[in-house]
Amino acid sequence: MTNPPIPQIDAAALLDSSHADHGKAVAAARLGASDIGFMTVHNTPLSADRVTQVIAAYRAFFALPAAQKAQWDMAATGSNRGWGAPGSEQVNPDANPDYKQVFDCGLTLPPGDPLTALPAYAPNLWPDTPPGFAAVLQAYYVDATAFARDLLVAVLNAVGEDGAFFADRFTRPMALLRGNYYPERPAGAGAKDFGIATHTDYGCLTLLTTDGTPGLEVRRRGGGWTALSAQPGTFVINFGEMLEIWTTGRIVATPHRVVGGSEERISVPLFFNPDHDANVAPAGVPPVLAIDHLQRRFDQTYVHLQKGSAAR
Ligand SMILES: O=C(O)CCC(=O)C(=O)O
Ligand SMILES: [Fe+2]
């Protein structure tokens, strides 16, 4: 079985039904979502300059000494806001914890909002350095979630689902914005060591930008792995477990990984997860609440949330 190429889609054509190339973009989105689980999109509302600024903000944060970043270490909390040190996440039980570092933030809610009592909506932890870090990321969070919502609707419509029905379940989304920092692959790293080990994403749609350095590999249904890189301004899109459940497999969650190499690398996924109370089970089967699926996956993978973890 040969692997089809990963579709490269003009976002303006996909999102505008009157665009001359709309039909072509829809067909490519259908192949990407229902067969491969990955696609790239270009010509988006999020400019290359904008994304470069976001990556620069993360780069400046990750360059701080570990002792300084430890002030915002999520391991001291019961949730996933702030810095995750190397080894703080194990996305695959057959692999060692990942050697990447992360910085996670979520939806900004008014202080005291009842939702903030749920770990998936925990208040963000904002470092005071580099200057402007919170403002850059909060603004990007708003615009990236709006774009992710539009893309999700278009992709659902492309595979024959009712996109508007799903869009209503993303009013206060548990969307998580992450900076991944992959240093050079550590000396002595073995077969069980990865920047991020093979995994599927947990939510619905992942909107990923990278600094252009290669590293991401996609597992192919026809066998083998395909390297997928994207310059700032082009986004990698893939789909998570909840969307696969919700669409009864019409849209697929495809495993992927970063082994890592001699160059450091930054990537910035936005995990576009639904509202906490969205039922992501298809009609006719027992409900699966989005928050239950997400929290179960967080509790399996963040080392500080894993059962028996001392750091609480
Ligand atoms: O760094 C990448 O390209 C992929 C990151 C990833 O798969 C993730 O954060 O879930
Ligand atoms: Fe991923």
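Predicted, not measured: the structure shown is a model, and the values here were computed from it.

**What to know about the overall build of the protein chain**
Phase 1: The secondary structure content of the protein chain amounts to eight helices and 12 strands.
Phase 2: Taken over C-alpha atoms, the radius of gyration comes to 18 Å for the protein chain, in line with the 20 Å a tight globule of 312 residues would show.
Phase 3: Dimensions of the protein chain, computed from the C-alpha atoms along their principal axes, are close to 55 × 45 × 40 Å.
Phase 4: By the burial criterion, 43% of the 312 residues in the protein chain qualify as buried.
Phase 5: Expressed as a percentage of contacts within the protein chain between residues at least 6 apart in sequence, the contacts between residues at least 24 apart total 72%.

**Observations concerning the pairing of strand E5 (residues 176-182)**
Phase 1: Of all seven residues in E5, seven are buried, a share of seventy percent or more.
Phase 2: Neither face of E5 is left uncovered, since the one carrying Leu176, Arg178, Asn180 and Tyr182 and the one carrying Leu177, Gly179 and Tyr181 both have all their residues buried.
Phase 3: Alignment of strand E4 (residues 101-105) against E5, held across five bridges, turns out to be antiparallel. Within the sheet, the bridge partner assigned to Cys105 lies in E5 and is Leu177.
Phase 4: Direction of pairing for E5 relative to strand E12 (residues 265-272): antiparallel, over a ladder of five bridges.

**Some details on the sheet that holds strand E11 (residues 256-258)**
Through backbone hydrogen bonds, the strands of a sheet pair up, either in parallel or in antiparallel fashion.
Phase 1: Ordered in space as E6-E11-E8-E9, the four strands form an open sheet in which the pairing is antiparallel. Each edge of the sheet is formed by a strand with only one pairing partner; in this case those strands are strand E6 (196-199) and strand E9 (225-227). Adjacent strand axes in the sheet meet at a mean angle of 25°, parallel and antiparallel pairs treated alike.
Phase 2: The sheet contact formed by E6 and E11 spans two bridges and is antiparallel. Counterpart to Ile196 in the pairing with E11 is Val258.

**Quick look at the site of ligand 1**
Phase 1: Surrounding ligand 1, one finds Arg178, Asn180, Ile196, Asp201, Leu208, Thr210, Gly215, Leu216, His256, Val258, Ser267 and Pro269.
Phase 2: Elements supplying a minimum of two residues to the shell around ligand 1: E5, strand E7 (205-210), E11 and E12.
Phase 3: Here the residues of the shell around ligand 1 are counted per class, giving five nonpolar, five polar and two charged.

**Side note on helix H2 (residues 22-36)**
Phase 1: For H2, spanning 15 residues, the distance from its first C-alpha to its last is 20 Å, which sits close to the expected 21 Å at 1.5 Å a residue.
Phase 2: Among the residues of H2, those classed as buried are Ala25, Ala28, Ala29, Gly32, Ala33 and Ile36. Here the buried residues of H2 occupy an arc of 125° about the axis, which is enough to place them on one side.
Phase 3: In this structure, the buried residues of H2 make contact with strand E1 (8-10), helix H1 (11-15), strand E2 (38-42), helix H5 (133-158) and strand E10 (235-239).
Phase 4: Positive backbone phi, at 90°, marks Gly37, one or two positions downstream of H2.

**Quick look at the UniProt feature "domain: Fe2OG dioxygenase" (unreviewed entry) in the protein chain**
Phase 1: The sites that UniProt annotates as "domain: Fe2OG dioxygenase" (unreviewed entry) are residues 172-274.
Phase 2: Taken end to end, residues 172-274 is 6% helix and 39% strand, and its first and last C-alpha atoms sit 8 Å apart.

**Considerations on the nonpolar core**
Most often, soluble globular proteins have nonpolar side chains that are buried together.
Phase 1: In terms of nonpolar packing, the biggest core is built from 83 residues, with Ala29, Leu152, Leu205 and Leu207 touching the most fellow members.
Phase 2: Looking at this core element by element, the count peaks at 13 residues for H5.

**Considering H5**
Phase 1: For H5, built from 26 residues, the straight-helix expectation of 38 Å at 1.5 Å per residue is met to within 8% by its first-to-last C-alpha distance of 36 Å.
Phase 2: In the stretch just after H5, Gly160 is the one whose phi turns positive, near 90°.

**With respect to the packing of H2 against H5**
To characterise two packed helices, one gives the angle between the axes of the helices and the distance between these axes.
Phase 1: The contact between H2 and H5 brings their axes to 8 Å, and the two run at 90°. Taken together, H2 and H5 sit at an angle that is classed as roughly perpendicular. Listed contacts from H5 to Val26, Ala29, Arg30 and Ala33 of H2 are Ala154, Val155 and Ala158.
Phase 2: A breakdown of the residues in the contact of H2 with H5 according to their chemical character gives six nonpolar, no polar and one charged.

**A few points about the sheet that holds E5**
Phase 1: Sheet architecture is open: eight strands sit in the order E1-E2-E10-E7-E12-E5-E4-E3, paired in mixed fashion. Looking at which strands have only one partner, the edges of the open sheet turn out to be E1 and strand E3 (82-84). The average angle at which neighbouring strand axes cross in this sheet is 25°, direction not considered.

**Looking at the packing of helix H3 (residues 48-62) against H5**
Phase 1: Contact geometry of H3 with H5 gives a least axis separation of 10 Å together with a crossing angle of 140°. Considering their axes alone, H3 and H5 lie oblique with respect to each other. As for the relative orientation of H3 and H5, their crossing is left-handed in sense. Two secondary-structure elements touch here, H3 through Gln53, Val54, Ala57 and Phe61 and H5 through Phe133, Val136, Leu137 and Tyr140.
Phase 2: Looking at the contact of H3 with H5 residue by residue, the classes come out as seven nonpolar, one polar and no charged.

**Some remarks on unusual backbone geometry**
Phase 1: That bond from Thr129 to Pro130 is cis: its omega, 0°, falls within 30 degrees of zero.
Phase 2: Mapping Pro130 onto the fold places it in the loop between E4 and H5.
Phase 3: In this structure, Asn43 is a non-glycine residue whose phi angle is positive, near 60°.
Phase 4: Positive phi is not limited to glycine here, since Thr248 has a value of about 45°.
Phase 5: Examined against the element boundaries, Thr248 turns out to sit in the loop between helix H7 (241-246) and E11.

Cut-offs applied
By convention here, each chain's residues receive numbers from 1 onward along its written sequence. Ligands are numbered from 1 and chains lettered from A, in the order in which they are written. With the structure being a predicted model, the display of local features is reserved for residues of pLDDT at least 70 and the display and counting of side-chain atom pairs for 80 or more, all residues being used for whole-chain, interface and lining totals. Numbering of helices and strands runs from the N terminus; a helix is a DSSP stretch of H or I covering at least four residues, while a strand is a stretch of E covering at least two. Computation of the radius of gyration draws on C-alpha atoms, with the globule rule given as 2.2 Å multiplied by the number of residues to the power 0.38. Comment: burial labels come from other C-beta atoms within 10 Å of the residue's own C-beta, placed from the backbone, where a count of 20 or more is buried, 12 or fewer is exposed, and between is partly exposed. Remark: residues whose backbone-derived C-beta atoms lie within 7 Å of one another are considered to be in contact. Only strands that DSSP links by at least two bridges are regarded as paired with each other. Here an angle of 0 to 180 degrees is reported between the N-to-C directions of two axes, which are lines fitted to C-alpha atoms, with helices fitted over the stretch in contact. By convention here, the C-beta atom is placed from the backbone, and a residue is near a molecule or strand when that atom is within 6 Å of it. Throughout this entry, Asp, Glu, Lys and Arg are counted as charged residues, while Ala, Val, Leu, Ile, Met, Phe, Trp, Tyr, Cys and Pro are counted as nonpolar. The remaining residues, Gly among them, count as polar. Helix span, as expected, comes to 1.5 Å for every residue beyond the first. Working note: the arc is built from the helix axis to C-beta atom directions. UniProt positions are given in the numbering used here, feature names are shortened, and annotations may be inferred rather than shown by experiment. Put simply, a nonpolar core is a cluster of buried Ala, Val, Leu, Ile, Met, Phe, Trp, Tyr and Cys residues tied together by C-beta atoms within 7 Å. Each angle is binned into one of four classes, with values under 35 degrees roughly parallel, values over 145 roughly antiparallel, values of 65 to 115 roughly perpendicular, and all other values oblique. Crossing chirality is assigned from the near helix's rotation relative to the far helix, an anticlockwise turn below a right angle marking it left-handed and a clockwise turn marking it right-handed.

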